[in-house]
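# A look at the structure
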Amino acid sequence: MKVVNVDVPSASYPINIGQGRLDHLDMAIPSDATSVVIVTNPKVAGLYLSRVKVSLQKTGLPIFVIELPDGEIYKSWESLNKIFDILLINKIDRQSVLLALGGGVIGDITGFAASVYMRGIRFIQVPTTLLAQVDSSVGGKTAINHPLGKNMIGSFYQPNSVEVDVDVLDTLDLREVSAGLSEVIKYGLILDSNFWEWCENNIQDLLSLKKSSIEYAIKRSCELKAYVVGKDEKESGLRAILNLGHTFGHAIESGLGYGKWLHGEAVGCGLIQAIVLSSLVFDLDKTVLNRVKLLVSKIGCPVIAPDFGFDKWIDLMLVDKKNTQGNIRFVLIDRIGHALIKQVSENEIRTTLEKTIK
Ligand code: NAD
Ligand code: GLY
């Protein structure tokens, strides 16, 4: 098992990464816990709930299960209330632990529920998608969606631990693997040129989920994310670099209607757009754009952005949380492995869109 530690002002906790972690979840439960409440969805439950229960039963604690419907639209007030209803009906006390078993949707809503139930109870992330294992389960961002904006209601609240079982990726749809890989390669672009090159050289092994390769990619991604959130837990500066490609990506998701492209697919395309923009703003090595396009296409994400027209693109990008006073700020790179946040001119955005849309 590999361990990556996250140290932020509000907490310190491990990310435990390995094969077969689901069978050892009892080890993650604090000794003073009074019960464990698993939050999951029917798809993940069908695949893994019985194994998780067997593992947790070793603690001897009462175990409860809350199943929410599968899908981004259920990251909502209604689902949050359903969690609270079940917690209250079962008299779940403050010493209990919530356990999020699922992808980013389950992780985000469970974390938010944990952060406000009885003013905060402990929770454990058991991420089961690649995206959740390398990104959403780490760093303490929790949220639900509001009809007027994705992730607009939430909190910063760190888990007690993150338990990553790489074996669960075997049941994931290939599209979900591609979507997770776009976040993996993003870490190389913003922080670590060696890791970027390693991804270029090992992309086939990553796509086929070769255990040693995917485990290394998850560990390195978590280390890089832990480094960033350790320096800036609540995103007052540096943490925003984790959003390379996301200003474009969020616009694509919302412009097409959520669910048409997966979040990670939109981010993959957004990475290309961010590099085109970076090339206009900085003297970026001419080969970088082609390398990024090639890797994004190899991982199976779209490489051509949808054509919403300039005005709609701008409107969609203005909703981004990085923006201040109506100005759009972008994460850019001036070389592979080094990111910066910058406001750019309307002309540069226009040229980027012309070069990247159909
Ligand atoms: P998801 O949670 O919807 O999972 C994708 C699909 O995979 C679902 O149908 C799910 O049931 C299924 N699934 C999960 N694990 C599986 C497995 N092992 N085998 C087979 N199927 C499995 O989507 P996601 O991509 O994991 O997460 C997206 C969410 O994460 C979004 O809501 C996004 O806003 C959020 N997010 C949060 C952060 C953060 O920092 N908190 C960062 C990135 C994304
Ligand atoms: N996913 C971006 C962040 O955690 O800040």
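Note on numbering: residues in each chain are counted from 1, in written sequence order. The order in which chains are written sets their letters, starting at A; the order in which ligands are written sets their numbers, starting at 1. Residue-level local features of this predicted model are given only where pLDDT is at least 70; pairs of side-chain atoms are given and counted only at 80 or more, and the full residue set underlies all totals for whole chains, interfaces and linings. Remark: hydrogens and water are excluded; side-chain values derive from all non-hydrogen atoms of the structure.

## Observations concerning helix α1 (residues 42-57)
For clarity, the cut-off: At every residue, the bend is computed as the angle between two fitted axes, covering the seven residues ending there and the seven beginning there respectively. Strands are runs of DSSP state E lasting at least 2 residues, helices are runs of H or I lasting at least 4, and numbering of each runs from the N terminus. A 1.4 Å probe rolled over the protein chains alone gives each residue an accessible area, and that area as a share of the maximum for its type sets the label: buried under 20%, exposed over 50%, partly exposed in between. Working rule for contacts: check all heavy atoms of both residues, and any pair within 4.5 Å makes them a contact. Side-chain atoms alone can form a polar contact between residues adjacent in sequence; in general such a contact is a pair of N or O atoms within 3.5 Å, and within protein one must be able to donate a hydrogen while the other accepts it.
The largest bend along α1 reaches roughly 60 degrees and is located at Tyr48. By the burial criterion, the buried members of α1 are Val44, Ala45, Tyr48, Leu49, Val52, Ser55 and Leu56. Check the buried side of α1 and you find it contacts β3 (36-40), β4 (63-67) and β5 (97-102). Measuring from the side-chain oxygen of the N-cap residue of α1 to the backbone nitrogen of Lys43 gives 3.0 Å; that N-cap residue is Asn41.

## Quick look at the nonpolar core
The line we're drawing: Residues belong to a common nonpolar core when they are buried Ala, Val, Leu, Ile, Met, Phe, Trp, Tyr or Cys residues joined through side-chain atoms within 4.5 Å.
Within the largest apolar cluster, 78 residues are counted, with the highest numbers of intra-cluster contacts made by Ile15, Leu130, Leu189, Ile218, Trp313, Met317 and Phe330. Looking at which element gives the most residues to this core, the answer is helix α10 (residues 263-281), with nine residues. The contact partners of Ile218, leaving out residues within four places of it in the chain, are Ile17, Leu130, Gln133, Val134, Val164, Val166 and Leu169.

## Some thoughts on the pattern of salt bridges
In plain terms, the rule: Here, a salt bridge means any Lys or Arg side-chain nitrogen found within 4 Å of an Asp or Glu carboxyl oxygen.
Scanning the entire structure with this criterion turns up 20 salt bridges. Glu215 is the partner of Lys2 in a salt bridge, and the nearest nitrogen-oxygen pair spans 3.1 Å. Within this pair, whereas Lys2 is found in strand β1 (residues 2-8), its partner Glu215 is found in helix α8 (residues 211-231), the two being separated by 213 residues in sequence. We classify Lys2 as partly exposed; its relative accessible area is 35%. Across the pair Lys211 and Asp170 runs a salt bridge, and its minimum N-O distance is 2.8 Å. Residue Lys211 is found in helix α8, and its partner Asp170 is found in the loop between β9 (161-165) and α5 (174-191); the two are separated by 41 residues along the sequence. Assessed through its relative accessible area of 48%, Asp170 is described here as partly exposed. A cluster of three or more residues bridged by salt bridges with shared partners is formed by Asp192, Lys219, Arg220 and Glu223.

## Some points on empty space enclosed by the protein
Convention followed: Method remark: on a 1 Å grid restricted to protein atoms, a set of points is classed as a cavity if a 1.4 Å probe fits but cannot get out and as a pocket if it is open with protein on both sides within 12 Å along at least five of seven lines; lining residues have an atom within 4 Å of a point. Grid points are joined across faces, edges and corners, and a volume is the space filled by probe spheres set on the points. Under this grouping Gly is polar, as are all residues other than the nonpolar Ala, Val, Leu, Ile, Met, Phe, Trp, Tyr, Cys and Pro and the charged Asp, Glu, Lys and Arg.
Under the defined criterion, the tally for this structure stands at one cavity of 30 Å³ or more. If you trace the largest cavity, you find it lined by Gly245, His246, Thr247, Phe248, Ala274, Leu277, Phe330, Val331 and Leu332. Class assignment of the residues belonging to the lining of the largest cavity gives a composition of six nonpolar, three polar and no charged.

## Topic: the UniProt feature "domain: 3-dehydroquinate synthase N-terminal" (unreviewed entry) in the protein chain
Keep this limit in mind: UniProt positions are given in the numbering used here, feature names are shortened, and annotations may be inferred rather than shown by experiment.
Here, UniProt's "domain: 3-dehydroquinate synthase N-terminal" (unreviewed entry) annotation points to residues 66-178. As annotated, residues 66-178 has a helix share of 34% and a strand share of 29%, and its two end C-alpha atoms lie 29 Å apart.

## Observations regarding the site of ligand 2
How we decide: What makes a residue near a molecule or strand is one non-hydrogen atom of that residue sitting within 4 Å of it. Per-residue and other accessible areas follow the Shrake-Rupley method at a 1.4 Å probe size, with only the shown protein chains counted as cover for residues.
Asp135, Lys141, Lys225, Glu235, Arg239 and Leu242 make up every residue found near ligand 2. Residue Lys141 places a side-chain N or O atom 2.8 Å away from an oxygen atom belonging to ligand 2. Between ligand 2 and Arg239, the relevant distance is 2.7 Å, taken from an oxygen atom to a side-chain nitrogen or oxygen of the residue. Contact with the protein chains removes 88% of the 200 Å² of surface that ligand 2 exposes when unbound. Residues belonging to the shell around ligand 2 are distributed by class as follows: one nonpolar, no polar and five charged.

## Quick look at the environment of Arg94
Structurally, the position occupied by Arg94 is in the loop between α2 (77-89) and β5. With a relative accessible area of 49%, Arg94 lands in the partly exposed category. Once the C-alpha coordinates of Arg94 and Leu174 are considered, the two residues, 80 residues apart in sequence, prove to be 39 Å apart. When sequence neighbours within four positions are dropped, the list of residues in contact with Arg94 reads Met118, Arg119 and Ile121. Engagement of the side chain of Arg94 in a polar contact is seen with the backbone oxygen of Met118, the distance being 3.1 Å.

## Brief notes about α2
Where we set the bar: Multiply 1.5 Å by the residue count of a helix minus one, and that product is the helix's expected span. By construction, the arc corresponds to the directions joining the helix axis to the C-beta atoms.
Between its first and last C-alpha, α2 extends 18 Å over 13 residues, near the 18 Å set by a 1.5 Å rise per residue. Among the residues of α2, Ser79, Leu80, Ile83, Phe84 and Leu87 are the ones counted as buried. Buried residues of α2, seen end-on, are gathered within an arc of 140 degrees and therefore sit on one face of the element. Turned more than 90 degrees off the buried face of α2, the exposed positions are Glu78, Leu88 and Ile89. The inward-facing, buried residues of α2 abut β3, β4, β5, α3 (104-116) and β7 (141-146). Once α2 finishes, Lys91 follows within two positions and takes phi at roughly 55 degrees, a positive value.

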